[in-house]
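Each chain, letter by letter, is given below.
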Amino acid sequence: MKEDPALKAVQGLWRDEKGTQWLVEDDEVKMKRLGSDSWDKTYKLQLAKKTILLNGSKLQSSNNGIIEWKTPLFGSTRWTTSETNDDSLSDGNNDSTKNNDTTNQDNSSGEEGIGDTLECVQEDPVEQEEQIIGIFQQEKEEYEKHAMHKVGSAPKKPKYSSSRYRPRYSYYNNNDSSDEEEDDGKALYPLSDLSQESLQFTPMRLAHEERKDLRVLVAAIKGSQYIDVVDASAAMDADTRQKKKLRELRNLILGMHCATASTCLAEGAEACRSRDLSTAITTAKRLIEIGRRYKISSPNTFEEYGKLLYIAQDCFIGLGDDWGEPATVITAADKAKELNLGAILADKRIPLATTPVPRLPCIDDLNKSLRKKSRTVKKLLREYSTSSTRDAMEQLIYSIDDRNVYIMQNATPISEIIGLLKKFFSPEKPTEMNNLAITEGEEGSRLTHRHEKQYYFVLQSLSFWKNILKDMSYLWVLMEQDMLSGDSDFRDTGQGSNRVQQCPNLFRAVTDILNKTKKEVTAWVGSERIHMGDNQVPNGLHFIDKYTQVSRIILPILNTLKGVERVCAEDPGQATAIDEQWGSVRGLQMAILRDFFRLGFDGSGGFNDDDAGSCIDGRLTSAWNWCSLIRTKPFYPAFLLSGFSSFDVRN
């Protein structure tokens, strides 16, 4: 191997785009990360068919002093000749970096990895930026230390560790005014659309004082045993249940009234003695609106929301005219109308100010985009706001941004896995590796679909989930309108005692989304039945809460597909084990996707024909059933190697 010309061409010291240094000596490669004082890892080079492999990925040189390391997931990493004179790198081979004659080699394998279609980077940009900032912070402290002890002469500024990572703005004086870059008006990522209709269902972000009230509300709901007392089998009698409602609600709203920051202790004590609930009801209505608004803006948080909604339902429907109508959730459209902010919402820079910055592959582009977005928000505030409206206007901008962040974090992963389905699976001419056919009774399946039929069944299910999550805030508002305006039937549904209630507004909106999805896909497979207000899905809250969990299913799968390539690149032993069992990393990734697309959409998970199957609700039930069986899958160790712990993010 030592005499091979291709191996000879890559000998010496190199540096990649991340500042990582690579020292190639014969068939060994030493790697030192940015800021490290010693070599972190040592790898072995392999020669296969005149192609040099580093951790199973191709390493080739060109005639311009550049080495390209091509990996299936991370793409190409370019190495350039290192010019550093660091003594720690002097192993007697630095001279070889100055006069390297490189040769052209083109040994493309032609195999494209699944990870190529996923948006990921070699290292976390945030962690990389923190690492760089830490280096400069250490240099700053060293500089200040020398300046404090050296008297009579001006201290010299320390040299940066690498000229490549010299910051564009000074960490010694981190001032926005020193970070003036020309804005070309273009973003490095697609921007979100802003429509007046979406503003009507975009809740306003909580203000600082409202967050204090939210903590009071959450503590009161957590400590309350209201649902355990009222919605219990012992309270099935109507008169008994009503008495328990009145007693528990009175205690709850008086407790919240006394605990709010706007209420003095004496006033709260007087309200408890006199049993006058008028002031306490006003306080409770305000706190309930804050809790509802917070849940709509962050559907994956506030686990006590279900209890809060049932309490609000009993207050506004079951206690007569004392409570009146529930307070309307404050939306971005309401705030814009109140402050007359139509001009700023029509500004062409608003999409840039309200679109979250995705994780870009290049750290420089990521930082540039973040600074550009921050400057855009500040410019808009300077131009359109006054001293009295600045805080409200900033709150409005970030409220719209919160909605777009939720869509990016929950709907975008579904778009990614749809892309994998379309790229690596085809409805025509299936092979053994990508055949999606299922048969009832085999492997727990309750449906029989040939490959083409199952392909479209999976595609339309994922597309429907994506469209639901994009309109989540709209659906949540409709669900609350239905739940707080109609009577519910408390009965045993076979899954315990539940409040069964029809939600016509939500049902019509979901039907519209279903029709929209049917137009997106070429064919519709399975039932179009939407369960809502029956024994399977008792009410709108049960329906919409199921779809907030979709990202918990998809994200661990995508993370595993990316993680197995990273593990193989870092650990040759794991790469060898995966190759022996699955043939290649690609084989493992295809096995995971095929199993999910087949058995995650097979109609399983229910106790009878109504609880599962091909209906709209049963598709999600099957996916959760697949998640519950993940420990029985042969590829479960790959999930663990990628950092998987549970499909429940709380664990």
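Residues numbered from 1 in each chain as written. Predicted model: local features only at pLDDT ≥ 70, side-chain atom pairs only at ≥ 80, totals over all residues. Heavy atoms only, no water.

Caption draft 1: Representation of the overall build of the protein. Scanning the protein from N- to C-terminus turns up 24 helices and 10 strands. Out of the 651 residues belonging to the protein, those deemed buried represent 48%. A separation threshold of at least 6 residues defines the contact pool for the protein, and within that pool the share at least 24 residues apart is 70%. For the protein, the accessible area works out to roughly 32400 Å², and carbon and sulfur atoms hold 47% of it. (Helix = DSSP H or I, 4+ residues; strand = E, 2+ residues; numbered from the N terminus. Buried < 20%, exposed > 50% of the residue type's maximum accessible area, 1.4 Å probe, protein only. Contact = heavy atoms within 4.5 Å. Areas by Shrake-Rupley, 256 points an atom, 1.4 Å probe, with all protein chains shown as cover.)

Caption draft 2: Structural context of helix α17 (residues 472-483). For α17, spanning 12 residues, the distance from its first C-alpha to its last is 16 Å, which sits close to the expected 16 Å at 1.5 Å a residue. With respect to burial, α17 is a largely interior element, 10 of its 12 residues being buried. Looking only at α17, the buried set comprises Met-472, Ser-473, Leu-475, Trp-476, Val-477, Leu-478, Met-479, Glu-480, Asp-482 and Met-483. Buried residues along α17 sit in contact with α8 (278-297), α9 (305-318), α14 (390-410), α16 (451-470), α18 (504-520) and α19 (540-547). (Expected span 1.5 Å × (residues − 1).)

Caption draft 3: Representation of the packing of aromatic side chains. Under the definition given, this model contains 17 aromatic pairs. Considering the side-chain rings of Tyr-455 and Tyr-456, the 5.3 Å spacing of their centres and the 85° angle between planes classify their relative orientation as edge-to-face. A single burial state applies to Tyr-455 and to Tyr-456, both of which are buried. Ring pairing ties together the aromatic residues Phe-425, Trp-465, Phe-596, Phe-597, Phe-601, Trp-626, Phe-635, Tyr-636, Phe-639, Phe-644 and Phe-647, which thus form one cluster. (Phe/Tyr/Trp six-rings, centres within 6.5 Å; stacked < 30°, edge-to-face > 60°.)

Caption draft 4: The packing of helix α13 (residues 363-384) against α14, seen in detail. Viewed as axis vectors pointing N to C, α13 and α14 meet at an angle of 140°, and their least axial separation amounts to 10 Å. When the axes of α13 and α14 are compared, the pair comes out oblique. Crossing hand, α13 versus α14: right-handed. Residues Lys-373, Val-377, Leu-380, Leu-381, Arg-382 and Tyr-384 of α13 pack against Arg-390, Met-393, Glu-394, Ile-397, Tyr-398 and Asp-401 of α14. A class-by-class count of the residues in the contact of α13 with α14 yields seven nonpolar, no polar and five charged. (Axes fitted to C-alpha atoms, helices over the stretch in contact; angles between N-to-C directions. Parallel < 35°, antiparallel > 145°, perpendicular 65-115°, else oblique. Left-handed = near helix turned anticlockwise from the far one by under 90°. Nonpolar A, V, L, I, M, F, W, Y, C, P; charged D, E, K, R; others polar.)

Caption draft 5: Quick peek at the nonpolar core. Counting 109 residues, the largest nonpolar core has Leu-462, Trp-465, Tyr-547, Phe-597, Trp-626 and Phe-639 as its most contacted members. Sort the elements by how many residues they give to this core and α16 lands first, with 10 residues. If sequence neighbours within four positions are ignored, Phe-597 has contacts with Ile-417, Leu-421, Phe-425, Leu-436, Gln-454, Val-458 and Leu-462. (Core = buried A, V, L, I, M, F, W, Y, C linked by side-chain atoms within 4.5 Å.)

Caption draft 6: Region of interest: the pairing of strand β2 (residues 21-25). Burial analysis of β2 places five of its five residues in the buried class, the great majority of the element. In β2, alternate side chains face the same way, and those of Gln-21, Leu-23 and Glu-25 on one face and Trp-22 and Val-24 on the other are all buried. Sheet analysis places strand β1 (residues 12-16) next to β2, joined by four bridges and oriented antiparallel. Each residue of the ladder has a partner; that of Leu-13, found in β2, is Leu-23. Joining the antiparallel neighbours β1 and β2 is a turn of four residues, in which Gly-19 adopts a positive phi near 90°. In this structure, β2 lies alongside strand β3 (residues 28-32), joined through five bridges in antiparallel fashion. Directly across from Gln-21, in β3, lies its bridge partner Lys-32. Connecting the antiparallel pair β2 and β3 is a turn made up of two residues, with Asp-26 showing a positive phi of about 55°. (Pairing = 2+ DSSP bridges.)

Caption draft 7: Representation of the confidence of the model for the protein. Of the residues in the protein, 76% have a pLDDT of 70 or more, and the chain-wide mean is 78. Predicted confidence for residues 83-112 stays below pLDDT 50, and this span has 56 contacts to residues more than four positions away or in other chains. (pLDDT = per-residue confidence, 0-100.)

Caption draft 8: Region of the structure containing unusual backbone geometry. With phi around 50°, Lys-429 is a residue other than glycine that occupies positive phi space. Following the sequence through the fold, Lys-429 ends up in the loop between α15 (412-424) and α16. Residue Lys-429 is classed as exposed on the basis of its relative accessible area, which comes to 78%. A positive phi angle is found at Glu-443, which is not glycine, with a value near 60°.

Caption draft 9: Spatial organisation of the pattern of salt bridges. One pass over the full model with this rule turns up 19 salt bridges. For Glu-480, the salt bridge is made with Arg-292, and the minimal N-O distance between the two is 2.9 Å. Here Glu-480 is found in helix α17, whereas its partner Arg-292 is found in helix α8, with 188 residues between them in sequence. Taking relative accessible area as the criterion, Glu-480 reaches 2% and is therefore assigned buried. Residue classification places Arg-292 among the buried residues on the basis of a relative accessible area of 8%. Measuring nitrogen to oxygen at the nearest pair gives 3.0 Å for the salt bridge that ties Glu-528 to Lys-518. (Salt bridge = Lys/Arg side-chain N within 4 Å of Asp/Glu carboxyl O.)

Caption draft 10: Representation of the environment of Thr-301 in the model. Within the fold, Thr-301 resides in the loop between α8 and α9. Taking the C-alpha atoms as reference points, Thr-301 and Thr-548, 247 residues apart in sequence, are found 10.0 Å from one another. If near-sequence neighbours (up to four positions away) are discounted, Thr-301 is found in contact with Tyr-294 and Lys-295.

Caption draft 11: Just empty space enclosed by the protein, in detail. All told, the structure shown has three cavities of 30 Å³ or more when counted by the stated rule. By volume, the largest cavity is sized at about 100 Å³. Lining of the largest cavity is provided by 14 residues; of these, Ile-296, Ser-297, Arg-403, Tyr-406 and Ser-473 occupy positions nearest its centre. For the lining of the largest cavity, the secondary-structure elements that each account for two or more residues are α8, α14, α16 and α17. (1 Å grid on protein atoms, 1.4 Å probe; cavity = no way out; pocket = protein on both sides within 12 Å on 5 of 7 lines; lining within 4 Å. Points joined across faces, edges and corners; volume = space filled by probe spheres on them.)

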